[in-house]
Amino acid sequence: MVKNEWGFSMYPLVPGHEVVGVVTEVGSKVQKYKIGDRVGVGCLVESCRNCQNCNDNLENYCSSYTLTYGAKSRDGSITYGGYSDSMVVDEHFVVRIPDELPLDAAAPLLCAGITVYSPLRYFGLDKPGLHVGVVGLGGLGHVAVKFAKAFGAKVTVISTSPHKKEEAIQHLGADSFLLSRDQDQMQDAKESLDGIIDTISAVHSLVPLIGLLKSHGKLVMVGAPDKPLELPVIPLLMGRKLIAGSAIGGLNETQEMIDFAAKHNVRPDIEVIPIDYVNTAMERLLKSDVKYRFVIDIGNTLKQTS
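Let us look at the structure shown here. Here the structure is a predicted model, which means the values were calculated and not measured.

### Structural notes on the side chain of K146
1) Next: Counting through the fold element by element, K146 comes out in helix α4 (residues 141-150).
2) Next: Separated by 2.6 Å, the side chain of K146 and the backbone oxygen of R267 make a polar contact.

What follows is the structure, encoded as structure tokens:
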């Protein structure tokens, strides 16, 4: 979004859509929250509330939703996200953070967490005994590993980086690791996975991943490459395999995900930084120099405006 790689950024742009904090004030009609509650705001702050998707608690697929930052609100104003000392949000688009989940650990779950939790649930990859692959071990991928393991699945991490094997197995608890550049490893794992969560946002080949799927297996794309990927059809026909996409989740499911994370101790790996470190953090992100999410301590490091 900062570099307009998806083509719809509006400037000036102030990011921030994994926002957590404490309620300091409520409107007269607010019923769900009170002052002092620990809460979070994810990727959405508005939707039409009338369409079929909204009625099905799928506000994330409403055709007229409003993103938390970099979007035109229904009143014509531009949203400027959560990198601020205060934020006003409709209570419908707020989730409650359980007491046992630290606020800094909860923040990345509001985008990265729900982005991988939702497809695991929707595509039935949330059951013990299944074998789930996770492509890419970054901000999304490492949380996908943790959720899949919490569901009881066997997890294989698939990566182009051999140095990530120890991290995947020893630190994150994956059961196995596949180096996608190694043809022998990929061949040995052929037709072994019930489903794959693909978190890669760069252009990459889908053919080797489709080959890893069992018959009726599902390859779910949650990364967002800025250029089209080549889609081979014949490998899909030979096994009734499915390629699908998934984007975050509705508010009910986001609350479900946060509650599940608190209950099963699913916490992203984070590095907490002060607000004046943001530019350095952006430079480090370009080098993939973070494990695995920067979390900005706004409350203690941003100068109050009032």
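This is not the end of the story, as more comes after the structure.
### Here we look at the nonpolar core
1) Next: Grouped together as the largest cluster of nonpolar side chains are 48 residues, with contacts concentrated most on L109, L120, V145 and F147.
2) Next: Secondary structure elements with two or more residues in this core: α3 (112-122), β8 (131-135), α4, β9 (154-159), β10 (176-179) and α9 (251-264).
3) Next: Looking at which element gives the most residues to this core, the answer is α9, with six residues.
4) Next: I158, M186, I196 and L209 belong to the second largest nonpolar core, which has 15 residues in total.

### A few points about empty space enclosed by the protein
1) Next: For the coordinates displayed, the defined rule picks out one cavity of 30 Å³ or more.
2) Next: When its volume is computed, the largest cavity comes out at roughly 100 Å³.
3) Next: Listing elements by their share of the lining of the largest cavity, those giving two or more residues are β2 (38-41) and α9.

### With respect to the sheet that holds strand β1 (residues 19-22)
1) Next: Read across the open sheet, the three strands follow the order β1-β2-β7; overall the sheet is antiparallel. Each edge of the sheet is formed by a strand with only one pairing partner; in this case those strands are β1 and β7 (95-96).
2) Next: As paired elements, β1 and β2 share four bridges and run antiparallel to each other. Residue pairing in the sheet places G21 in a bridge with V39 of β2.

### Considering the sheet that holds β9
1) Next: Sheet architecture is open: six strands sit in the order β10-β9-β8-β11-β12-β13, paired in parallel fashion. At either margin of the open sheet sits one strand with a lone partner, and together these are β10 and β13 (242-245). Across this sheet, the average inter-strand angle for adjacent strands is 20°, counted without regard to direction.
2) Next: Strands in contact with α4 are β8 and β9; relative to β9, the strand with the most contacts, it is inclined by about 165°.
3) Next: Strands β9 and β10 of the sheet are contacted by helix α5 (residues 164-171), whose axis makes an angle of about 160° with β10.

### Considering the packing of aromatic side chains
1) Next: In the structure shown here, the tally under the stated rule is seven aromatic pairs.
2) Next: Ring geometry for Y117 against F147: centres 5.3 Å apart, planes inclined by 70°, an arrangement best described as edge-to-face. Of this pair, Y117 sits in helix α3 while F147 sits in helix α4, and the two are 30 residues apart along the sequence. In this pair, the class of Y117 matches that of F147, namely buried.
3) Next: Seen in terms of ring centroids, Y117 and F151 are 5.6 Å apart; in terms of plane orientation they differ by 40°. Their pairing is tilted. Highlighted residues: Y117 in helix α3 and F151 in the loop between α4 and β9, separated in sequence by 34 residues.
4) Next: Residue class for F151 comes out buried when judged on its relative accessible area of 10%.
5) Next: The structure contains a cluster of three or more aromatic residues connected by ring pairs, namely Y117, F147, F151 and F260.

### A short note on the pattern of salt bridges
1) Next: By the definition in use, this model includes 14 salt bridges.
2) Next: Across the pair E5 and K3 runs a salt bridge, and its minimum N-O distance is 3.4 Å.
3) Next: Since its relative accessible area comes to 47%, E5 is described here as partly exposed.
4) Next: Between R96 and D37 there is a salt bridge, with its nearest N and O atoms 3.1 Å apart. With a gap of 59 residues between them, R96 in strand β7 and D37 in the loop between β1 and β2 connect regions that are remote in the sequence.
5) Next: Within the structure, one salt-bridge network assembled from shared partners comprises R121, D126, K127 and E256.

### Re the environment of A174
1) Next: By secondary structure assignment, the location of A174 is in the loop between α5 and β10.
2) Next: Residues A174 and A148 lie 26 residues apart in sequence; the distance between their C-alpha atoms is 9.3 Å.
3) Next: The residues contacting A174, other than those within four sequence positions of it, are V145, V155, V157, A168 and I169.

### Side note on the packing of α3 against α4
1) Next: Relative orientation of the contacting elements α3 and α4 amounts to 40°, with a least axis distance of 9 Å. Accordingly, the angle class assigned to the pair α3 and α4 is oblique. In terms of crossing hand, the pair formed by α3 and α4 is right-handed. On α4, the residues touching G113, V116, Y117 and L120 of α3 are V143, A144, F147 and A148.
2) Next: Its residues assigned to classes, the contact of α3 with α4 comprises seven nonpolar, one polar and no charged.

### Describing α9
1) Next: Compared with an ideal rise of 1.5 Å per residue, which puts 14 residues at 20 Å, α9 spans 20 Å between its outermost C-alpha atoms and is within 8% of the ideal.
2) Next: When α9 is considered as a whole, its buried residues turn out to be L251, E253, T254, Q255, M257, I258, F260, A261 and A262.
3) Next: The inward-facing, buried residues of α9 abut β7, α2 (103-106), α3 and α4.
4) Next: At the exit of α9 stands N265, carrying a positive phi of roughly 60°.

Calculation notes
- Residues numbered from 1 in each chain as written.
- Predicted model: local features only at pLDDT ≥ 70, side-chain atom pairs only at ≥ 80, totals over all residues.
- Heavy atoms only, no water.
- Helix = DSSP H or I, 4+ residues; strand = E, 2+ residues; numbered from the N terminus.
- Polar contact = N/O pair within 3.5 Å; in protein donor to acceptor, adjacent residues only side chain to side chain.
- Core = buried A, V, L, I, M, F, W, Y, C linked by side-chain atoms within 4.5 Å.
- Buried < 20%, exposed > 50% of the residue type's maximum accessible area, 1.4 Å probe, protein only.
- 1 Å grid on protein atoms, 1.4 Å probe; cavity = no way out; pocket = protein on both sides within 12 Å on 5 of 7 lines; lining within 4 Å.
- Points joined across faces, edges and corners; volume = space filled by probe spheres on them.
- Pairing = 2+ DSSP bridges.
- Axes fitted to C-alpha atoms, helices over the stretch in contact; angles between N-to-C directions.
- Contact = heavy atoms within 4.5 Å.
- Phe/Tyr/Trp six-rings, centres within 6.5 Å; stacked < 30°, edge-to-face > 60°.
- Salt bridge = Lys/Arg side-chain N within 4 Å of Asp/Glu carboxyl O.
- Parallel < 35°, antiparallel > 145°, perpendicular 65-115°, else oblique.
- Left-handed = near helix turned anticlockwise from the far one by under 90°.
- Nonpolar A, V, L, I, M, F, W, Y, C, P; charged D, E, K, R; others polar.
- Expected span 1.5 Å × (residues − 1).

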